[in-house]
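# Report on the structure
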Amino acid sequence: MLNRISSFHNYQSVQNDLRRQEAKVHHNQAQLASGKKLLSPSDDPLASHYIQELGQQSEQIRQYLDAIVLVRNRLENNDVLVNNAESFTDEARRTLMEMINGSLSPEDREAMKRELQELANNLLVLSNMQDASGNYIYSGTKPKTQPFFRDNEGRVSYNGDDYQRKMKVANSLEVTINDPGSHVFMDIDNPFGDYEPQYQLQEGSELLLERARNLDPNDQSVYTVSFTNLPNGKFGYQLAKDGSPVQSGEYDSEVGIKYNEMNIQLKGQVTPGDSMTLEPRKTFSLFDTFKDAIDFSTGSVSDASNTAKLQQLVQEFHAAFIHLNKVRSDVGARLSTIDFQEEQHEDFQLSLKKSKSTFEDLDYANAVIEFSENERALKASQLAFGKTKDLTLFNYI
């Protein structure tokens, strides 16, 4: 009875060892076939946990890289459009400068007016551009709303909002992906300060507004400056506020005209009888400048007020060009930011791949050695199992 138990125990022990060796060899074969050190979490639970965390981080980086591609496409598209708007604006400025030249014929001025109309139309089309998904680029956070409309009088209004959309491209970084049309085309700093001049000049006058500032934010009055001759041969001025005279005196071109918090600086030669109305305006719309340029483009070159208005519009086009250039610079800065962030993500992703490879990828040299050792051990177990299964008392009777 004792011999039977002992023989069975030996048989079972060798059989279990055989199975363990077969499992090791099969595991080695699977590793060599897949190139992976870990075939299941049970192979190394701690390493499997790290690999799972690394995979989650890698997936997050992939999502950020996809977001960067989307942001870059939109910013590059915006950059191209603003660049085209710059070209339209600069072309309009140079066209107006030619119109100020009195040597042009009425036919030439009419041709240039049509050119201005074409530039204005191109700008309106550009401002209402849509992306590949059909979203309006310059409507703020209302992508399905057409941002700009022109009425029967030629005035352009904005129907979008003033907000910007942002996209997350890193754990702690969001990048603005659009600029509202109001900021790009309408909220342009007035090159003349806080007022827009309306000229009523005498023939041959060269009077122009250089700058008018008012430090009182609550003062929204309309001012009018008019000039007369003084007995001493100099010029006198009268300043009216909302139609009521408030100040008068001798005009000094170096000092300008000062009233309370207001400072008016003029340039050019004054002619008696000249007057200038100053209407409050801190910013202007490029569309309004185009409309005014078209309206005043065919005026008489002998009309000093018309010529002064054209020179004012030249300055507005120049200010708009500078403004658009700043918008492009801001877009370029955002592109640089996402380029840098993309490099950071790619470097980090490479580090993640190296770390994951340390835990997951197979060292083929060591794996082959281990496979050979386990294969030899399996053969030994097989020989031992063959001897053990034939070990019975009947062999000795």
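Residues numbered from 1 in each chain as written. Predicted model: local features only at pLDDT ≥ 70, side-chain atom pairs only at ≥ 80, totals over all residues. Heavy atoms only, no water.

## A word on the overall build of the chain
For the chain, the count of helices and strands is 7 helices and 14 strands. Each of the 397 residues in the chain was classed as buried or not, and the buried ones make up 40%. Taking the intrachain contacts of the chain between residues at least 6 apart in sequence as the baseline, contacts between residues at least 24 apart amount to 67%. Carbon and sulfur atoms make up 49% of the accessible area of the chain, which amounts to about 21,900 Å² in all. (Helix = DSSP H or I, 4+ residues; strand = E, 2+ residues; numbered from the N terminus. Buried < 20%, exposed > 50% of the residue type's maximum accessible area, 1.4 Å probe, protein only. Contact = heavy atoms within 4.5 Å. Areas by Shrake-Rupley, 256 points an atom, 1.4 Å probe, with all protein chains shown as cover.)

## Concerning unusual backbone geometry
Located in the positive-phi region is aspartate 242, a residue other than glycine, with phi close to 50°. Relative to the assigned elements, aspartate 242 resides in the loop between β9 (235-241) and β10 (244-250). Positioned with a positive phi, asparagine 260 is a non-glycine residue whose angle comes to about 50°. When you line up the elements, asparagine 260 lands in the loop between β11 (257-259) and β12 (262-267). Note on asparagine 260: relative accessible area 66%, which makes it exposed.

## Details of the packing of aromatic side chains
For the coordinates displayed, the defined rule picks out 9 aromatic pairs. Here phenylalanine 227 and tyrosine 251 contribute two aromatic rings whose centre-to-centre distance is 5.2 Å and whose plane-to-plane angle is 80°, an arrangement assigned as edge-to-face. Residue phenylalanine 227 is found in strand β8 (residues 223-229), and its partner tyrosine 251 is found in the loop between β10 and β11; the two are separated by 24 residues along the sequence. Judged by relative accessible area, which is 2%, phenylalanine 227 ranks as buried. What makes tyrosine 251 buried here is its relative accessible area of 12%. Summarising the aromatic geometry, the rings of phenylalanine 290 and phenylalanine 317 are spaced 4.9 Å apart at their centres and angled 70° between planes, so their arrangement reads as edge-to-face. Here phenylalanine 290, found in helix α5 (residues 286-296), pairs with phenylalanine 317, found in helix α6 (residues 304-360); they are 27 residues apart in sequence, far enough to count as distant. Residue class for phenylalanine 290 comes out buried when judged on its relative accessible area of 2%. (Phe/Tyr/Trp six-rings, centres within 6.5 Å; stacked < 30°, edge-to-face > 60°.)

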